[in-house]
Amino acid sequence: MRIVLLGAPGSGKGTQAQRLQSEFGIPQISTGDLLRQAVADDTPLGQAAKAAMDAGELVSDEIVLSMIKARIAEPDAATGFVLDGYPRNEAQAAALASVLEEIDQPLDCAVLMDVDFDILMKRLTGRRTCSVTGKLLNVYFSPQAELDACIEAEGELLQRADDNEDTIRNRLEVYSSQTAPLIEHYRGLGQLRVVSAEGDIDAVYQRLTAALSSA
Ligand code: AMP
C-alpha cells in the first residue's frame, strides 16, 4: 500500500499515519518529522530548513525531495508507505510521481483528511506530545486520564515550536494557497478518497481504512 495523506495542519494525518503504520507494518514517512529531527541534530539540512519552519512557510522543494527520495529507498518502505505532509504543492506532487515511476511503485491513492477550518485551530493550539511516552495528546480533547498519565510518568506536555497562533495562522494560509490545489490534482487522476476526519480518532481510523479498502 502506497498512499498520500492530504489535509490541513491539524487534520490528524500524523495520528492516523501512526495507526496505519502499526496495523499494516508500513512506515509513516513524515517530512515534518524528518525536518524536525534534522533541526534537532543541527545538520546543514536542518539549519537550512529552520527559518522557514519557524515562520510556517514551506521549506524548499529540493530539500524535502532529497529527504523523501532517501527515505523511500530504505528497506522498510519496500512494501509500501504512508506519506504524511508530502507532497505539499504541485511541484512536489510532480516530483513524487516521477520518483515513484522510476522505481515502478505508483501511488494507490491520496486520502484527504477533511476537517472544518474552525476545529483545526483548537486541535493545533491544544496539541502536545508527552516527553516520556511520545504519545500525541491535546489539552482540549484528550481524556484527562491520558494527560495525567504523562505527568505521573514524570513527563512534560511539550508543544511544537510552530504550534503558536501566528505560525499556525500562516501554516493554514500556506495550506489553502499551495497544498489544497492538490485535492483537485489527485481527483483529476482518479486517485482521491475523501474521509471525514472530525470526531473520535477511532471512528476516523475506521472511515480511513474503509476508504483504503475500496482503493
Ligand atoms: P508538519 O509537521 O507536516 O506540519 O510540517 C512542519 C513544517 O515543516 C511545515 O510548516 C514546513 O515548514 C515544513 N515542511 C513539512 N513538510 C514539508 C514539505 N513537504 N514541503 C515543504 N516544507 C515542509
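To be clear, the structure that these remarks concern was listed above.
As the structure is a prediction and not an experimental result, all values here were calculated from the model. (Residues numbered from 1 in each chain as written. Predicted model: local features only at pLDDT ≥ 70, side-chain atom pairs only at ≥ 80, totals over all residues. Heavy atoms only, no water.)

Participant: So what's going on with helix H3 (residues 44-55)? Which residues, and what values?
Facilitator: Residues of H3 that are buried include every one of Gly46, Ala49, Ala52 and Met53, and no others. Viewed end-on, H3 has its buried residues packed into an arc of 130°, placing them on one side of the element. Away from its buried face, by an angle of more than 90 degrees, H3 presents the exposed residues Pro44, Ala48 and Ala51. Tucked inside the fold, the buried residues of H3 contact helix H2 (31-40) and helix H8 (165-179). (Buried < 20%, exposed > 50% of the residue type's maximum accessible area, 1.4 Å probe, protein only. Helix = DSSP H or I, 4+ residues; strand = E, 2+ residues; numbered from the N terminus. Arc of directions from axis to C-beta. Contact = heavy atoms within 4.5 Å.)

Participant: Which residues make up the packing of helix H4 (residues 61-72) against helix H5 (residues 90-102), and what are the values?
Facilitator: Where H4 meets H5, the closest approach of the two axes is 11 Å, and the angle between their N-to-C directions is 30°. Taken together, the axes of H4 and H5 are roughly parallel relative to one another. Crossing geometry of H4 relative to H5 is assigned as right-handed. Counted together, Asp61, Val64, Leu65, Lys69 and Ile72 of H4 and Ala91, Gln92, Ala95, Leu96, Val99 and Leu100 of H5 form the full contact between these two elements. Residues of the contact of H4 with H5, tallied by class, amount to eight nonpolar, one polar and two charged. (Axes fitted to C-alpha atoms, helices over the stretch in contact; angles between N-to-C directions. Parallel < 35°, antiparallel > 145°, perpendicular 65-115°, else oblique. Left-handed = near helix turned anticlockwise from the far one by under 90°. Nonpolar A, V, L, I, M, F, W, Y, C, P; charged D, E, K, R; others polar.)

Participant: Can you lay out the site of the ligand for me, pointing to particular residues and giving the numbers?
Facilitator: Near the ligand lie 16 residues; those nearest to it are Thr31, Arg36, Glu57, Gly85 and Gln92. At 2.9 Å from a nitrogen atom of the ligand is found a main-chain nitrogen or oxygen belonging to glycine 85. Between the ligand and arginine 160 there is a distance of 3.2 Å, counted from an oxygen atom to a side-chain nitrogen or oxygen. Notes on the ligand: free accessible area 480 Å², of which the protein chains cover 96%. It is H2 that provides the largest number of residues to the shell around the ligand, a total of four residues. For the shell around the ligand, a count of residues per class yields six nonpolar, four polar and six charged. (Near = heavy atom within 4 Å. Polar contact = N/O pair within 3.5 Å; in protein donor to acceptor, adjacent residues only side chain to side chain. Areas by Shrake-Rupley, 256 points an atom, 1.4 Å probe, with all protein chains shown as cover.)

Participant: Account for the environment of methionine 113, with residues named and values stated.
Facilitator: Among the secondary structure elements, methionine 113 is positioned in strand E4 (residues 109-114). The class of methionine 113 is buried, set by a relative accessible area of 2%. Between the alpha carbons of methionine 113 and glycine 190 there is a distance of 17 Å; along the sequence they are 77 residues apart. Every residue in contact with methionine 113, bar those within four places of it in the chain, is listed here: Leu5, Leu6, Gly7, Ser11, Gly12, Lys13, Gln16, Val195, Ala197, Val204 and Leu208.

Participant: Let's hear about the environment of leucine 5: which residues, and what values?
Facilitator: Turning to its location among the elements, leucine 5 is positioned in strand E1 (residues 2-6). Taking C-alpha positions, leucine 5 is 5.0 Å from valine 111, a pair spaced 106 residues apart along the chain. Residue contacts for leucine 5: discarding those within four places in its chain leaves Lys13, Ala17, Val82, Leu83, Gly85, Val111, Met113 and Leu208.

Participant: Now, about the pattern of salt bridges: what can you tell me, with residues and values included?
Facilitator: Per the stated rule, a full pass over the model turns up 13 salt bridges. Close ionic contact of arginine 19 with aspartate 202 constitutes a salt bridge, the shortest N to O distance being 2.7 Å. On the criterion of sequence distance, the pair formed by arginine 19 in helix H1 (residues 13-24) and aspartate 202 in helix H10 (residues 201-213) is long-range, its members being 183 residues apart. With a relative accessible area of 29%, arginine 19 lands in the partly exposed category. When its relative accessible area of 42% is taken as the criterion, aspartate 202 is described as partly exposed. Two residues, arginine 169 and glutamate 165, come together in a salt bridge whose shortest N-O distance is 3.5 Å. You can see arginine 169 and its partner glutamate 165 sitting in helix H8, four residues apart, about one turn around the helix. Classification of glutamate 165 as partly exposed rests on a relative accessible area of 46%. (Salt bridge = Lys/Arg side-chain N within 4 Å of Asp/Glu carboxyl O.)

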